[in-house]
Amino acid sequence: MVQLKINTQIKEYLDDITWQVIADEYQSGYSDEILLVQVNGKLQELQEKIREGEVQFITARQKPGISAYQRSATLLMLKAFYAVAGPENVEKVIVDFSIGKGFFVEARGSFTLNQELLDQVKAKMQEYVDQEIPILKRSISTDDAIERFHKHRMYDKERLFLYRRVSRVNVYSIDGFEDYFYGYMVMSTRYLKYFDLQMYEEGFILRLPNKKQPKAIQPFHPQKKLFDVQQEAEKLGHKLGVFDVGTLNDTIARGRMNDLILMQEALQEKKIGDIAEQIYESGRKLIMIAGPSSSGKTTFSHRLSIQLGALGMKPHPIAVDNYFVNRVDSPRDENGNYDYEALNCIDVKQFNEDMEELLAGKRVELPVYNFVKGEREYKGDFLQLGAEDILVIEGIHCLNDDLSYSLPRDKKFKIYISALTQLNIDDHNRVPTTDGRLIRRMVRDARTRGASAQDTIRMWDSVRRGEERNIFPYQEEADAMFNSAFLYELSVLKQYAEPILYSVPRDSAEYNEAKRLLKFLDYFLGVSSEQVPHNSIVREFI
């Protein structure tokens, strides 16, 4: 990343130059378009006036850049959709959740949603890109914003800003089409060259590039099981009357939070019971549970075991981590660090031998991994399976048959668990699932491992890369999926996360992410954790 210093010799001209002018001068040194700028560690949009300081340019290969691209492309899509369908015919366009490298979008109104309509919208988007229309930002008072959102029938945003403490808010527009977006935007439609629209189920996918390939649209691979779980979560939110942050805050303000917590916990317990019934009826002996970081695998495994016990089975937990090879034998990543998330960090051969012998009814001594010494140990923990015994195995590789290569597929019942956030800020601003998991992990790590928020943020990209490599490719192979997210949880986690986020040093590389998360949490009214049941998955983190 190139750094430059704006010196005092051009200080007298600073009020007349925007960062776009400087970015255009340096663009030839970048393979991807410059979308944002970071000045003295603080992110800014290119339309801002330049000032003296150390500067780093941001492209779509970095998280702030690709996020700005995706937000801006969403505004572009909305403007084009309303223009093609006619604003009088559009009731709602809702950006629901990410799926298959894109965003799933619902559109309701007096029109027929089909690929022909989407092709017209796409053509209109391209027309706007070719016109290089500026994306304008203006600051208005929060009261004015509430009034304007009501006038435009954007009631989701009206609700949201009723609970905002800030006095002013930034709104963005493309040629008069105005909306609110949480985060930075690109300066012009000229930057939004890569997109596609594709029908899927009852809505469509807004397909956009990612950090790895910012100049390409990845093929869309439907993930039907994951999609169904996310759709189920959306419908549940609507049934409970909580479908965005504004309606959650309404629930809190009206004193109904305890009811919401108890209803969600009851529904989740019922879902765990349903999965236990599936396992019981399948007659399988190996329950393989996998999911990304901070999904609540530990608590879920315990609660599933209780449900299995209620059906007359005898579950035995097995943590795959106990089969780690000794630390000195662990593989290393490209930076020379131990790669604890690689499959060959597990003694796969020994794991298979032990599981085969257990299935054969033999008595087996199970290992325990000493994480302090970095060695696998045996301490007389023997197990032998009877007719009602069942193994509940948990680990990040459990959906990958390479881990359990010698075990018959018809003996395995695979479960994928993740915290699939079903609550968006408003109709056009998503809450990424990764944000919910990051906040969970940050709070837990600070409490149980003495890790700072800065530490958790620093290593999060590495965690995400491991998930992309070892978990997500296998999620559709699961026999059952479980969503561990709660509508209410961010209002509870807020009290724990904010103090540790404020401790992230302003001059650190992690500060911008901490600041973004603090702004995000500011949308939520906080509630006490006292009402959270003791067996809740949320308790694993707080």
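Criteria and thresholds
- Residues numbered from 1 in each chain as written.
- Predicted model: local features only at pLDDT ≥ 70, side-chain atom pairs only at ≥ 80, totals over all residues.
- Heavy atoms only, no water.
- 1 Å grid on protein atoms, 1.4 Å probe; cavity = no way out; pocket = protein on both sides within 12 Å on 5 of 7 lines; lining within 4 Å.
- Points joined across faces, edges and corners; volume = space filled by probe spheres on them.
- Helix = DSSP H or I, 4+ residues; strand = E, 2+ residues; numbered from the N terminus.
- Nonpolar A, V, L, I, M, F, W, Y, C, P; charged D, E, K, R; others polar.
- Salt bridge = Lys/Arg side-chain N within 4 Å of Asp/Glu carboxyl O.
- Buried < 20%, exposed > 50% of the residue type's maximum accessible area, 1.4 Å probe, protein only.
- Patch = residues over 30% accessible without salt bridge, like charges linked within 9 Å, V, L, I, M, F, W, Y side chains within 5 Å.
- Areas by Shrake-Rupley, 256 points an atom, 1.4 Å probe, with all protein chains shown as cover.
- Lys, Arg positive; Asp, Glu negative; His and termini not counted.
- Charge placed at Lys NZ, Arg CZ, Asp CG, Glu CD.
- pLDDT = per-residue confidence, 0-100.

Attention now goes to the layout of surface pockets. If you add up the space inside the second largest pocket, you get close to 1400 Å³. Every element with two or more residues in the lining of the second largest pocket is listed here: α9 (297–310), β13 (314–319), β18 (389–394), α11 (433–448) and α12 (453–470). Examining the composition of the lining of the second largest pocket, we find that 7 residues originate from one element, α12, more than from any other. Its residues assigned to classes, the lining of the second largest pocket shows 18 nonpolar, 14 polar and 15 charged.

Tallied over the full model, the rule gives 47 salt bridges. K101 serves as the salt-bridge partner of E468, at 3.7 Å between the closest nitrogen and oxygen. Of this pair, E468 sits in helix α12 while K101 is found in the loop between β5 (90–99) and β6 (102–109), placing the two residues 367 residues apart along the sequence. The class of E468 is partly exposed, set by a relative accessible area of 30%. Across the pair E106 and R108 runs a salt bridge, and its minimum N-O distance is 3.7 Å. Residue classification places E106 among the partly exposed positions, given a relative accessible area of 22%. One salt-bridge network, in which partners are shared between bridges, spans K101, R437, R464, E467 and E468.

Attention shifts here to a positive patch on the surface. A cluster of like positive charges, contributed by K42, R51, R506, K515 and K519, occupies part of the molecular surface. Structurally, K519 is set in helix α14 (residues 511–521). With a relative accessible area of 38%, K519 lands in the partly exposed category.

Chain-level statistics for the chain give a pLDDT mean of 91 and a share of 97% at 70 or above. Of all the helices and strands in the chain, strand β1 (residues 3–6) carries the lowest mean pLDDT, 56, while helix α3 (residues 115–131) carries the highest, 98.

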